[in-house]
Amino acid sequence: MALLTKYHKDMKKLLLLFTYGIIPLAGLCPAKEFYPYDIKHFDLKKRLFIETIYTRKFTPELLREALFYAEIHNPEIVYRQAVLETGNFTSDLFKHGNNLMGMRLARVRPSCATAIEFNYHATYAHWFDSVMDYKLMQDWYATKSHDLNDYYAFLGNIGYATDKHYIAKLELLKDAV
């Protein structure tokens, strides 16, 4: 357990360094204002969330909060992806691999994955790492001039899923979740 705790502390430090140090310096993520009149309050809440996330048990509500604080593009669609990819958070890939999005191991972009299992899918030390990996994927594609505004088109353009009915399934989940 001590090793796991040390890992989580190290991961928190790495996430804070990455979020507040490397990304802004590299210019990969333009500043976004979720609360235009109270951005300092948002930064404090985001920092507190990231500092405590590795000690909190997964819940669907916590995932929604994580998508917000990770600044995921189109968080409602991404939430529905998590529901679809994990079979409403019951799949082995999620339960044992902490993979919420059905992500495969990245080969050409930065990744938070720790291993490959489950038919070449990425595994993560904590479920929040899969959220951060998804953010890295979004940002990587944004730097390659992909438009994330029409998110369904974006998912189709990058070949996110092998299921040709994937987008239709996500749309059907809109009213269910």
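Shown above is the structure to which this text applies.
Reading the values: the criteria
- Residues numbered from 1 in each chain as written.
- Predicted model: local features only at pLDDT ≥ 70, side-chain atom pairs only at ≥ 80, totals over all residues.
- Heavy atoms only, no water.
- Helix = DSSP H or I, 4+ residues; strand = E, 2+ residues; numbered from the N terminus.
- Buried < 20%, exposed > 50% of the residue type's maximum accessible area, 1.4 Å probe, protein only.
- Patch = residues over 30% accessible without salt bridge, like charges linked within 9 Å, V, L, I, M, F, W, Y side chains within 5 Å.
- Areas by Shrake-Rupley, 256 points an atom, 1.4 Å probe, with all protein chains shown as cover.
- Salt bridge = Lys/Arg side-chain N within 4 Å of Asp/Glu carboxyl O.
- Phe/Tyr/Trp six-rings, centres within 6.5 Å; stacked < 30°, edge-to-face > 60°.
- Lys NZ or Arg CZ within 6 Å of the ring centre and 35° of its normal.
- Polar contact = N/O pair within 3.5 Å; in protein donor to acceptor, adjacent residues only side chain to side chain.
- 1 Å grid on protein atoms, 1.4 Å probe; cavity = no way out; pocket = protein on both sides within 12 Å on 5 of 7 lines; lining within 4 Å.
- Points joined across faces, edges and corners; volume = space filled by probe spheres on them.
- Nonpolar A, V, L, I, M, F, W, Y, C, P; charged D, E, K, R; others polar.

Caption draft 1: A look at unusual backbone geometry. For Asn88, which is not glycine, the phi torsion reads 60° and is therefore positive. Residue position: Asn88 is located in the loop between helix H4 (75-86) and helix H5 (92-97). Although it is not a glycine, Tyr120 sits at a positive phi angle of roughly 70°. The residue Tyr120 is located in the loop between strand E1 (115-117) and strand E2 (121-123) in this model. A relative accessible area of 60% means that Tyr120 is categorised as exposed.

Caption draft 2: Looking closely at a nonpolar patch on the surface. A surface patch of nonpolar side chains, amounting to about 300 Å² of accessible area, comprises Leu105, Ile116 and Tyr120. Locating Leu105 in the fold gives a position in the loop between H5 and E1.

Caption draft 3: Inspection of the packing of aromatic side chains at higher detail. Counted under the stated rule, the structure contains 15 aromatic pairs. Put simply, the rings of Phe49, Tyr54, Phe58, Phe68, Tyr69, Tyr79, Phe89, Phe94, Trp127 and Phe128 touch in pairs and so form one group of aromatic residues. A cation over an aromatic ring shows up here: Arg64 above the ring of Tyr79, its NZ or CZ 3.7 Å from the ring centre.

Caption draft 4: Layout of the environment of Thr55. Within the fold, Thr55 resides in the loop between helix H2 (39-52) and helix H3 (60-69). A sequence separation of 71 residues divides Thr55 from His126, and the C-alpha atoms of the two residues are 9.9 Å apart. Side-chain polar atoms of Thr55 contact the backbone oxygen of Thr52, separated by 2.7 Å.

Caption draft 5: Structural view of the pattern of salt bridges. According to the stated counting rule, one finds seven salt bridges in the structure shown. A salt bridge links Glu65 to Arg56, with the nearest nitrogen and oxygen atoms 4.0 Å apart. A residue is classified by how much of its surface remains accessible, and Arg56, at 33% relative accessible area, is partly exposed. The salt bridge partner of Asp163 is Lys169, with a shortest N-O separation of 2.5 Å.

Caption draft 6: Spatial organisation of the layout of surface pockets. There is about 670 Å³ of room inside the largest pocket. Around the largest pocket, the lining comprises 23 residues; the ones closest to its centre are Gly102, Met103, Arg104, Gly159 and Tyr160. Elements with a minimum of two residues in the lining of the largest pocket: H4 and helix H6 (127-143). The dominant element in the lining of the largest pocket, judged by the number of residues it contributes, is H6, at three residues. For the lining of the largest pocket, the residue count by class is 14 nonpolar, four polar and five charged.

Spatial relationships are all this shows, so hold off on functional conclusions.
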